[in-house]
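Each chain, written out:
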Amino acid sequence: MTPAELAALIASSLRALQSAGALPAGELPSDVVVERPKNREHGDWATNVAMQASSQLGLKPREFAELLAPELQKADGIAKVEIAGPGFINITLSAGAAGEIARIILDAGESFGLGDSLKGQNLNLEFVSANPTGPIHIGGTRWAAVGDSLARVLQSQGAKVTREYYFNDHGAQIDRFARSLLAAARGQEAPEDGYSGAYIDQIAKQVLAETAQDVLSLAEEQAQEVFRASGVELMFAEIRQSLHDFGVDFDVFFHENSLYESGAVEKAIARLRDLGHMYELDGALWLRTTEFGDDRDRVVLKSDGEAAYIAGDLAYYLDKRGRGFDRCIYMLGADHHGYVQRMMAMCAAFGDEPNVNLEIMIGQLVNLVRDGQPVRMSKRAGTVVTMEDLVEIVGVDAARYALVRSSINSMLDIDLALLEKRTNDNPVFYVQYAHARTKQVANNAASLGVDRSEFDPALLSHPSEEELLAKLTELPRVVAQAAEFREPHRVARYLEEVAGAYHRWYDQCRVTPMSGAAAETIHRSRLWLNDAAGVVLRNGLSLLGVSAPERM
RNA sequence: GCGUUUGUAGCUCAACGGAUAGAGCAUCUGACUACGGAUCAGAAGGUUGGGGGUUCGAGUCCCUCCAAGCGCACCA
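Residues numbered from 1 in each chain as written. Chains lettered and ligands numbered in written order. Predicted model: local features only at pLDDT ≥ 70, side-chain atom pairs only at ≥ 80, totals over all residues. Heavy atoms only, no water.

A. Quick look at the sheet that holds strand β13 (residues 366-370). The strand order across the open sheet built from 3 strands is β14-β13-β15, with neighbouring strands paired in mixed fashion. Looking at the sheet topology across the chains shown, the edges are occupied by β14 (373-375) and β15 (412-415). Shown here is a sheet whose adjacent strand axes are inclined to one another by a mean of 45 degrees, direction ignored. Of the strand pairs in this sheet, β13 and β15 are connected by 4 bridges, and their pairing is parallel. The partner of N367 across the bridge, within β15, is D413. Relative to β13, helix α5 (residues 138-156) is tilted by about 125 degrees, and along the sheet it contacts β13 and β15. (Pairing = 2+ DSSP bridges. Helix = DSSP H or I, 4+ residues; strand = E, 2+ residues; numbered from the N terminus. Axes fitted to C-alpha atoms, helices over the stretch in contact; angles between N-to-C directions. Contact = heavy atoms within 4.5 Å.)

The following block contains the structure:
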């Protein structure tokens, strides 16, 4: 008996009571919440449905509960139903009903935790999208970890997900990048508004090496164009490689420049003009975003005839929708949160529904600190931490886990001193060790003749077993919630709880018999639980893009 | 000034509007010649930034004040 099954049972009982006239007509809650009570004396599972729904039906919570409780009592697998406090319904399962989950998990294997709550949705998830003017730093690394994990979580719920990277290879920043490369190749100082650093010199050198002609003798503009074209290409390749090494592979790398070359920008503008949302003023072309909630209108074509940045966004969004995506999810850093309103306005201007067809997630930035003191990212001071740096210091698993275990709404502090110490205080090791332990236990069991030839769930009755079973049961709900709220960190937090429950169980319940003793049913039954825990840990880690090692 | 995110244990962070606010790290005390001690048990640590409000119930929702991050271009 799982909480999901209990919730279904409660929902159907309520409908039955209503149709029998025992319960007044009225709207029932669409989602019945069944939770593990914090206090063990409150039973195995509890629901607050009576408090949620009673007022709709004109009843007091306890009256509502009095009607529902006897119905639940009748079901198989339920030993006791009690009403407590303001109207909580506390449910205690009968012996063995909880232990069955071990069998369910092992039968499901890799598919345990999957759901269909997003079935049929075609999602575009855009993340990282860092400018190709330098390596990905720690901020972008956060979005790589979170975005990829979110993609996995969404896919686990049946959604079709396209991971997309918007490559800003058009505009003034790229020009600055090209000028910087050219200057470096000539051995000159970086331009005032340009980029500098070892990577600039390195790429400049590569461009020189790869170009057959004598670039430096070309006219200024042509030389710059050469550096632009191949510099961007090299940077792009490097970024792509870093991401790949980080375990993040995109389905689509979309080049901003292509929108201009294909005429998509002009088409998008024409479309908005036809819809009557454009006007001209002071020689510029404006989009009337204020009509859709923005605080000021936005220039799309500047008075000098050049396209403003938003022009690309218009065309890009239209392109995504044209490729059949129901929802376009953008993950942006907090330094871009000012764009949300205009993007939503743009969405509405096209006749789409903001927050449905276009979804924008704003993630807070990563701060670098050293011994508690903030450190400014500065190339000169050598405090720029790139994705590659981070991976080199702590490894992919630890880096991804550390970045994905917090809500994106919270600003994250990364302590350089802690990183340099390479300490093992990352909870990822706690979780991975639990998984490795399940494997070692299974190996020991096999060598001592303990197998899964028999299973008596009622024997899994030790308090630590009940806790572990209850925890394992929750994976599907946790993953579904993580997908619904776009919060993959929930999976990580959950795994830490599973690992804790597993370690405590390991400490108190032996799978293998003591030396000299014979293997009994209880040992075999516990092996089922041990293996089930391993499946949950492995499936969960996989959603985070973190490995589940068999030994550490 | 306006917008936005955040404020929870010494530190880093959790907690679909639910019962006694939780983990990890750090600190202190323990763990049997028993499946790996990267573990476990226990202690200590909190007026959830302050103040109002909404309701059966608020860390969570609303208002306000304080503090911090990030934005407020015909830049990208």
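B. Representation of the nonpolar core within the structure. V128, Y165, L243 and L472 are the most contacted members of the largest nonpolar core, which totals 107 residues. The residues contacting Y165, other than those within four sequence positions of it, are F127, V128, S129, A130, I136, I239, L243, F250, V252, F253 and F254. The next biggest cluster of nonpolar side chains, apart from the first, holds 34 residues, and it includes A308, A311, F325 and M343. (Core = buried A, V, L, I, M, F, W, Y, C linked by side-chain atoms within 4.5 Å. Buried < 20%, exposed > 50% of the residue type's maximum accessible area, 1.4 Å probe, protein only.)

C. Quick peek at the side chain of H277. Positionally, H277 belongs in the loop between α10 (264-274) and β8 (278-281). A polar contact is formed between the side chain of H277 and the backbone oxygen of A349, at a distance of 3.3 Å. For H277, the contacting residues outside a window of four places in its chain are L272, W286, L287, R288, E291, F292 and A349. (Polar contact = N/O pair within 3.5 Å; in protein donor to acceptor, adjacent residues only side chain to side chain.)

D. The arrangement of the packing of helix α1 (residues 3-19) against helix α3 (residues 61-73) in detail. Interhelical geometry of α1 versus α3 gives an angle of 110 degrees and a closest axis separation of 10 Å. As far as their axial angle goes, α3 and α1 are roughly perpendicular. Where α1 crosses over α3, the handedness of that crossing is right-handed. Together, L9, I10, S13, L14 and L17 of α1 and F64, L67, L68, E71 and L72 of α3 make up the contact between the two elements. (Parallel < 35°, antiparallel > 145°, perpendicular 65-115°, else oblique. Left-handed = near helix turned anticlockwise from the far one by under 90°.)

E. Up close: the protein's contact with RNA strand B. Neighbouring RNA strand B are 66 residues; K302, Y339, N444, R493 and M514 lie closest to it. A breakdown of the atoms of RNA strand B within 4 Å of the protein gives sugar and phosphate a share of 58%. Y430 is positioned with one of its side-chain polar atoms (N or O) 2.5 Å from a phosphate oxygen of RNA strand B. In this structure, a phosphate oxygen belonging to RNA strand B sits 2.5 Å away from a side-chain N or O atom of R437. Broken down by secondary-structure element, the contributors of at least two residues to the surface near RNA strand B are α2 (49-53), β4 (88-93), α6 (172-185), β9 (284-287), β15, α16 (427-447) and α19 (489-508). Split into classes, the residues belonging to the surface near RNA strand B amount to 26 nonpolar, 23 polar and 17 charged. (Near = heavy atom within 4 Å. Nonpolar A, V, L, I, M, F, W, Y, C, P; charged D, E, K, R; others polar.)

F. Molecular detail of the pattern of salt bridges. Under the defined criterion, the tally for this structure stands at 31 salt bridges. The residue R103 makes a salt bridge to E100 at a minimum N-O spacing of 3.0 Å. In this pair, R103 and E100 are both assigned in helix α4 (residues 100-108), 3 residues apart and thus about one turn of the helix distant. Between D531 and R452 there is a salt bridge whose closest N-O contact spans 2.6 Å. Linking D531 in helix α20 (residues 521-544) with R452 in the loop between α16 and α17 (463-473), this pair joins segments that are 79 residues apart in sequence. For D531, a relative accessible area of 17% puts it in the buried group. Here R452 falls in the partly exposed class, since its relative accessible area comes to 37%. (Salt bridge = Lys/Arg side-chain N within 4 Å of Asp/Glu carboxyl O.)

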